[in-house]
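Per-entry structural report
Listed here are the chains, written in short residue letters.
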2 protein chains.
Amino acid sequence: MKELLMYFNRFQALPKEAEIAITEICSTLSIKKNENLQSIGHTCRTIYFVKKGIARIYYYKDGIDITESFSTENTIIARVESLFTGTPSRKAIQIVEDAVIVAINAHKLFQLYDTFPSIERLFRKIFERAYVETVNRIESIQFHSAEERYLALLQDTPNIVQRVPLKCIASYLGITQVSLSRIRANIK
Amino acid sequence: MKELLMYFNRFQALPKEAEIAITEICSTLSIKKNENLQSIGHTCRTIYFVKKGIARIYYYKDGIDITESFSTENTIIARVESLFTGTPSRKAIQIVEDAVIVAINAHKLFQLYDTFPSIERLFRKIFERAYVETVNRIESIQFHSAEERYLALLQDTPNIVQRVPLKCIASYLGITQVSLSRIRANIK
DNA sequence: GCAATCCTTTTACATTTGTTAAATAATCAC
DNA sequence: GTGATTATTTAACAAATGTAAAAGGATTGC
């Protein structure tokens, strides 16, 4: 749990009691590659923190598996479109590489918001940051070529490219696997 | 200001004192078409509410004017990547149609967070919703054709399509104006 | 009302990416 | 280890979108 509290502390200092209260609504899971952490059709009521390994959010578009995002060590992962609206998610969370995950009970977390304003503030800041990253990603998708996006991913998160199957990378970049292969062949 | 308080109330009920405190850090502006509300290079310290008219966030990519988003009556507009990181924005906010705008002083707003937890909660919810919309927009950009995206825009916000120059719509959709013309010609 | 400017469409051609299918290469289960 | 499965690459062709240039339309300022 130490990693999680250190992660939190980078956003917002918490009083000891708040740290304890959060710890009490968390549980740690070890999950094997290819298992689903959450499946399609369920309403998201958990926020996850990746302690070890890699997870991805994916969904099906016209029967094709599309990766929406990856999360690796020391990052948060959640299907926010379900978490914040209370509607069932069309997306699933899958473990891409054997993982140790901390699961935060979102319902209990939101209750803690009333007792500990610092916890509400912490998660406000966490999701503000995630929001900014999402805005930046739109720019990347919309106005960079597929090759530029691949090179940027290689530069920003080389370990993702190394540790994740290319078919997941391709759909994350918004292109087909064939296109990604072509791009990789061109670069060498 | 009534519209703004009604907008807030849809997210979070506020005690009277909180409403008054917010009202005191707001000012109302009338701005003419084509004027910039905020310019490129300045750090965003204001959150805007569009009471009347249309505004857009735009920036230059390789010298070409790109529209990131539109805001019309009863919506919030802010350059969050600057607001939440404190760094200068590469983006500007421009008025697309004569507008009445409520400007909320973000610095003072963030101070109010300490006095009124309900205000912090209100804006947490506002930006959580905006975050969800941004996540959904990525899906739309990445996995729908340009024609599908245009048709969706026509359906979801027909008044934007009617009231905004097509060159702004084109870059918002991530395509060239020529492509948009082709799509429009195809539909008829 | 007119010239100047800006917006939109059209055309022709270039480039990128998608689609389908097949061939290798790598990994997994037993 | 071996066969089966899965992942990746390659090839040939199709479709979508971009680029550049020109021509109409619409709007604006005086």
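These numbers come from a predicted model, not from an experiment.

**Considerations on the relation of the copies chain B and chain A**
Mapping chain B onto chain A is achieved by rotating through 180° and translating by 0.0 Å along the same axis, at an RMSD of 0.0 Å. Accordingly, the operation relating the two chain copies is best matched by a two-fold axis.

**Describing the interface of chain B and chain A**
Listed by partner, the interface residues are 35 residues for chain B and 35 residues for chain A. Its largest share of buried area at the contact with chain A, chain B owes to Tyr-131, Gln-142 and Phe-143 of chain B, together 19% of the area lost on that side. Across the chain B-chain A interface, the total number found is 10 salt bridges. Note that Glu-139 of chain B is salt-bridged to Lys-91 of chain A, the shortest N-O span being 3.7 Å. The tally of links from chain B across to chain A stands at 12 residue pairs in polar contact (both at pLDDT 80 or more). Elements with a contribution of two residues or more to the side of chain B that touches chain A: strand S3 (46-61), strand S4 (64-71), helix H3 (80-83), helix H4 (106-115), helix H5 (117-143) and helix H8 (166-173) of chain B. Of all the elements, H5 of chain B adds the most residues to the side of chain B that touches chain A, at 18 residues. For the side of chain B that touches chain A, the residue count by class is 15 nonpolar, seven polar and 13 charged.

**Remarks on the protein's contact with DNA strand C**
If you check the shell around DNA strand C, you find 17 residues, and the closest are Ser-179 and Arg-182 of chain A together with Leu-166, Lys-167 and Ser-181 of chain B. Among the atoms of DNA strand C close to the protein, meaning within 4 Å, 59% are from sugar or phosphate groups. Within the backbone of Thr-176 of chain A, a nitrogen or oxygen atom sits 3.2 Å from a phosphate oxygen of DNA strand C. A distance of 2.7 Å separates a phosphate oxygen of DNA strand C from a polar atom in the side chain of Ser-181 of chain B. Mapped by element, the contributors of at least two residues to the surface near DNA strand C are helix H9 (177-187) of chain A together with H8 and helix H9 (177-187) of chain B. Examining the composition of the surface near DNA strand C, we find that six residues originate from one element, H9 of chain B, more than from any other. Its residues assigned to classes, the surface near DNA strand C shows seven nonpolar, five polar and five charged.

**Notes on the packing of aromatic side chains**
Here the structure, examined in full by the defined rule, presents 25 aromatic pairs over all chains. When the centroid spacing of 5.3 Å and the interplanar angle of 50° are considered together, the rings of Tyr-7 of chain A and Phe-49 of chain A count as tilted. A residue pair is termed long-range when its members are at least 10 positions apart, and Tyr-7 of chain A in helix H1 (residues 2-11) and Phe-49 of chain A in strand S3 (residues 46-61) qualify at 42 residues. Exposure class is identical for Tyr-7 of chain A and Phe-49 of chain A. Each is buried. Taking the centre distance of 6.2 Å and the plane angle of 80° together, the rings of Tyr-59 of chain A and Phe-143 of chain B count as edge-to-face. Of the two residues, Tyr-59 of chain A sits in strand S3 while Phe-143 of chain B sits in helix H5, which places them in two different chains. The residue whose ring lies beneath Arg-56 of chain A is Tyr-58 of chain A, and the NZ or CZ to ring-centre distance is 4.2 Å. It is Arg-90 of chain B that lies over the ring of Tyr-59 of chain B; its NZ or CZ is 6.0 Å from the centre.

**So, the layout of surface pockets**
Considering only enclosed or pocket space, the largest pocket measures out at about 1400 Å³ in volume. In terms of lining residues, the largest pocket is bounded by 44 residues, among which Ser-69, Phe-70, Glu-133, Arg-137 and Tyr-172 of chain B are the most central. Ranked by residue count, the leading element in the lining of the largest pocket is H5 of chain B, at 11 residues. When we break the lining of the largest pocket down by domain, the ones giving at least three residues each are domain 1 (2-137) and domain 2 (144-188) of chain B. Ranked by the residues each element gives to the lining of the second largest pocket, the list is headed by helix H5 (residues 117-143) of chain A, at 10 residues. Across the lining of the second largest pocket, the residue classes tally to 20 nonpolar, nine polar and eight charged. Each of two domains, domain 1 (2-130) and domain 2 (144-188) of chain A, supplies a minimum of three residues to the lining of the second largest pocket.

What counts as what
Residues numbered from 1 in each chain as written. Chains lettered and ligands numbered in written order. Predicted model: local features only at pLDDT ≥ 70, side-chain atom pairs only at ≥ 80, totals over all residues. Heavy atoms only, no water. Least-squares fit on C-alpha atoms with pLDDT ≥ 70 in both. Contact = heavy atoms within 4.5 Å. Buried area = accessible area lost by both parts, 1.4 Å probe. Salt bridge = Lys/Arg side-chain N within 4 Å of Asp/Glu carboxyl O. Polar contact = N/O pair within 3.5 Å; in protein donor to acceptor, adjacent residues only side chain to side chain. Helix = DSSP H or I, 4+ residues; strand = E, 2+ residues; numbered from the N terminus. Nonpolar A, V, L, I, M, F, W, Y, C, P; charged D, E, K, R; others polar. Near = heavy atom within 4 Å. Phe/Tyr/Trp six-rings, centres within 6.5 Å; stacked < 30°, edge-to-face > 60°. Buried < 20%, exposed > 50% of the residue type's maximum accessible area, 1.4 Å probe, protein only. Lys NZ or Arg CZ within 6 Å of the ring centre and 35° of its normal. 1 Å grid on protein atoms, 1.4 Å probe; cavity = no way out; pocket = protein on both sides within 12 Å on 5 of 7 lines; lining within 4 Å. Points joined across faces, edges and corners; volume = space filled by probe spheres on them. Domains from an automatic or database assignment.

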